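Next come the chains, spelled out residue by residue.
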Amino acid sequence: MRPFQYLEPVNLVEACSLLSERKEEAKIIAGGQSLLPILKQRLIAPQYIISIKYLSDLEYITAVQDSIKIGALTTHRAVETSFLIKERCPMLAEMEAVLAFVQVRNWGTLGGSLCHADPAGDPAAALIALGAKVRATSERGIREIPLGDFFVDYLETVLEPDEILTEIEVPYLAPHTGAAYVKEAIRFGDFPIISVAAVVTLDKDVVKEARIALAAAGKTPIQAKKTETTIVGEKVTAEVLDEVGKVIAEEIEPTSDVVASADYKREVAKVITRKAVSRAIERAR
Ligand SMILES: Cc1cc2nc3c(=O)[nH]c(=O)nc-3n(C[C@H](O)[C@H](O)[C@H](O)COP(=O)(O)OP(=O)(O)OC[C@H]3O[C@@H](n4cnc5c(N)ncnc54)[C@H](O)[C@@H]3O)c2cc1C
């Protein structure tokens, strides 16, 4: 491996300055759970590694008026065990509880997961369904990006080379809203074959709003907008759920890989999208 210089800024201002001077020659490291494997495989060879792991200002979970703000360096384990998250946004804790193993969750950060932009990453699907937005900081200022616009391709985001992801903001669920995360994996702790996050708002028994997002269903995490329209304005019956399964299988674009064939993934998506939507509706009631 080509030697790299390891830099440890003491605050965000210094981190932004180091990154802005080096841009593409540098890579940020947070928990290292995705970066270290790709460095070891020599898929990338940056000249500089800038560690932000100890910038404790970026590690927080705070309630504001109608949303929760999560610092990008907050670990998966901190999100999973936060009382505030469990009370206000339980689907996030539900998702974190099935992400990898506790050792990975103790090191890996929510921001690192989003910036790595693995289409099979669990947090992105859950956060897109929840309507989250993120903030990126550079010497040029702070930029706000809806998470649905953050991912552009496989392992690629809209972040500029001098930007650091600093915050994730998740709105509180509206009244009469339920949310559920369903993941299908070969073994507990594995990346998903497919996973689905569903957030449903009811008006009496009729679906007023729905957001459905999936991991491992395309080259980025995706929001299944066509499938959402099959339930909005409907009272969800077994027939409507059959239609949900049919539409989701057509809408996603999974690829065949060592884990499963694309056809199998479509079948899994049918089953677990129905399950996630039904569970979200039960919770909304
Ligand atoms: C054994 C194992 C099992 C796993 N299983 C799962 C699973 O089931 N589901 C799942 O979703 N994930 C899984 N993961 C992935 C893991 O969740 C992520 O690797 C981890 O959360 C990434 O966060 P990190 O802090 O370690 O990021 P790092 O590895 O430090 O960084 C990842 C990438 O993001 C960039 N980056 C990090 N933070 C920032 C920032 N704030 N601003 C800008 N760029 C940044 C880095 O430059 C790098 O390119 C698994 C990982 C391992 C090792």
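Residues numbered from 1 in each chain as written. Predicted model: local features only at pLDDT ≥ 70, side-chain atom pairs only at ≥ 80, totals over all residues. Heavy atoms only, no water.

Student: Before we go on, may I ask you to explain the site of the ligand in this structure?
Tutor: Around the ligand sit 30 residues, and of these Ile28, Ser34, His76, Thr109 and Asp122 come closest. Between an oxygen atom of the ligand and a main-chain N or O atom of Gln33, the distance comes to 2.7 Å. A total of 970 Å² of accessible area belongs to the ligand in isolation, and the protein chains cover 89% of it. Of all the elements in the fold, those that place two or more residues in the shell around the ligand are β2 (26-29), α7 (110-116), α8 (122-129) and β10 (164-171). Of the residues forming the shell around the ligand, the biggest block, four residues, is contributed by α7. Looking at side-chain class alone, the shell around the ligand contains 14 nonpolar, twelve polar and four charged residues. (Near = heavy atom within 4 Å. Polar contact = N/O pair within 3.5 Å; in protein donor to acceptor, adjacent residues only side chain to side chain. Areas by Shrake-Rupley, 256 points an atom, 1.4 Å probe, with all protein chains shown as cover. Helix = DSSP H or I, 4+ residues; strand = E, 2+ residues; numbered from the N terminus. Nonpolar A, V, L, I, M, F, W, Y, C, P; charged D, E, K, R; others polar.)

Student: Please explain the nonpolar core as it appears in this structure.
Tutor: It is characteristic of soluble globular proteins that their nonpolar side chains tend to be buried jointly. Judged by nonpolar contacts, the single largest core of 40 residues is most densely connected at Leu92, Leu114 and Ile168. Take this core: its biggest share by element is six residues, from α8. The contacts of Leu114, once residues within four sequence positions are left out, are Pro123, Ala124, Leu127, Val134, Leu147, Phe150, Phe151, Thr157, Leu165 and Ile168. Counting 30 residues, the second largest nonpolar core, distinct from the first, contains Ala180, Ile193, Ile212 and Ala217. (Core = buried A, V, L, I, M, F, W, Y, C linked by side-chain atoms within 4.5 Å. Buried < 20%, exposed > 50% of the residue type's maximum accessible area, 1.4 Å probe, protein only. Contact = heavy atoms within 4.5 Å.)

Student: Honestly, the environment of Glu160 in this entry has me stumped. Any pointers?
Tutor: With respect to the secondary-structure elements, Glu160 resides in the loop between β9 (156-157) and β10. Taking the C-alpha atoms as reference points, Glu160 and Val79, separated by 81 residues in sequence, lie 26 Å from one another. In this structure, Glu160 is in contact with Arg140 and Arg143, ignoring residues within four places of it in sequence.

Student: Sorry if this is basic, but what is going on with the pairing of strand β7 (residues 141-146) here?
Tutor: It is a general feature of regular strands that their side chains alternate between the two faces of the sheet. Judged from the six bridges that link them, strand β6 (residues 133-138) and β7 form a sheet pairing that is antiparallel. Paired with Val134 across the bridge in β7 is Ile145. The turn joining β6 and β7, which pair antiparallel and follow one another in sequence, is formed by two residues. (Pairing = 2+ DSSP bridges.)

Student: Would you mind showing me how to read the packing of aromatic side chains here?
Tutor: Think of a pair of aromatic rings as described by two things: how far the centres are apart, and how the planes are tilted against each other in angle. If you walk through the whole model with that rule in mind, you get one aromatic pair. If you follow Arg22 out to its NZ or CZ, it ends over the ring of Tyr48, 4.7 Å from the centre. Of note, Arg88 hangs over the ring of Tyr172, and the distance from its end group to the ring centre comes to 4.3 Å. (Phe/Tyr/Trp six-rings, centres within 6.5 Å; stacked < 30°, edge-to-face > 60°. Lys NZ or Arg CZ within 6 Å of the ring centre and 35° of its normal.)

Student: So what exactly am I meant to see when it comes to the pattern of salt bridges here?
Tutor: When their charged atoms lie close together, side chains carrying opposite charge are able to pair. Summed over all chains, the structure comprises 17 salt bridges. The residue Arg187 makes a salt bridge to Asp190 at a minimum N-O spacing of 3.1 Å. The salt bridge involving Glu243 is made with Lys246; its shortest N-O contact spans 4.0 Å. Of this pair, Glu243 and Lys246 both sit in helix α10 (residues 238-251), three residues apart, which is roughly one turn of that helix. In this structure, a network of salt bridges that share partners links the residues Lys133, Arg135, Glu144, Glu167 and Glu169. (Salt bridge = Lys/Arg side-chain N within 4 Å of Asp/Glu carboxyl O.)

Student: Just to check I follow, could you spell out the sheet that holds strand β1 (residues 5-7) for this structure?
Tutor: Backbone hydrogen bonds hold the strands of a sheet together, and the pairing may be parallel or antiparallel. Across the sheet, which stays open at both edges, the three strands sit in the order β1-β3-β2 with parallel pairing between neighbours. Taken across any chain shown, the strands that pair with only one partner, and hence form the sheet edges, are β1 and β2. On average, each strand axis in the sheet is tilted by 25 degrees relative to the strand beside it, whichever way the strands run. Pairing analysis gives four bridges linking β2 to strand β3 (residues 48-51), with the strands arranged parallel. (Axes fitted to C-alpha atoms, helices over the stretch in contact; angles between N-to-C directions.)

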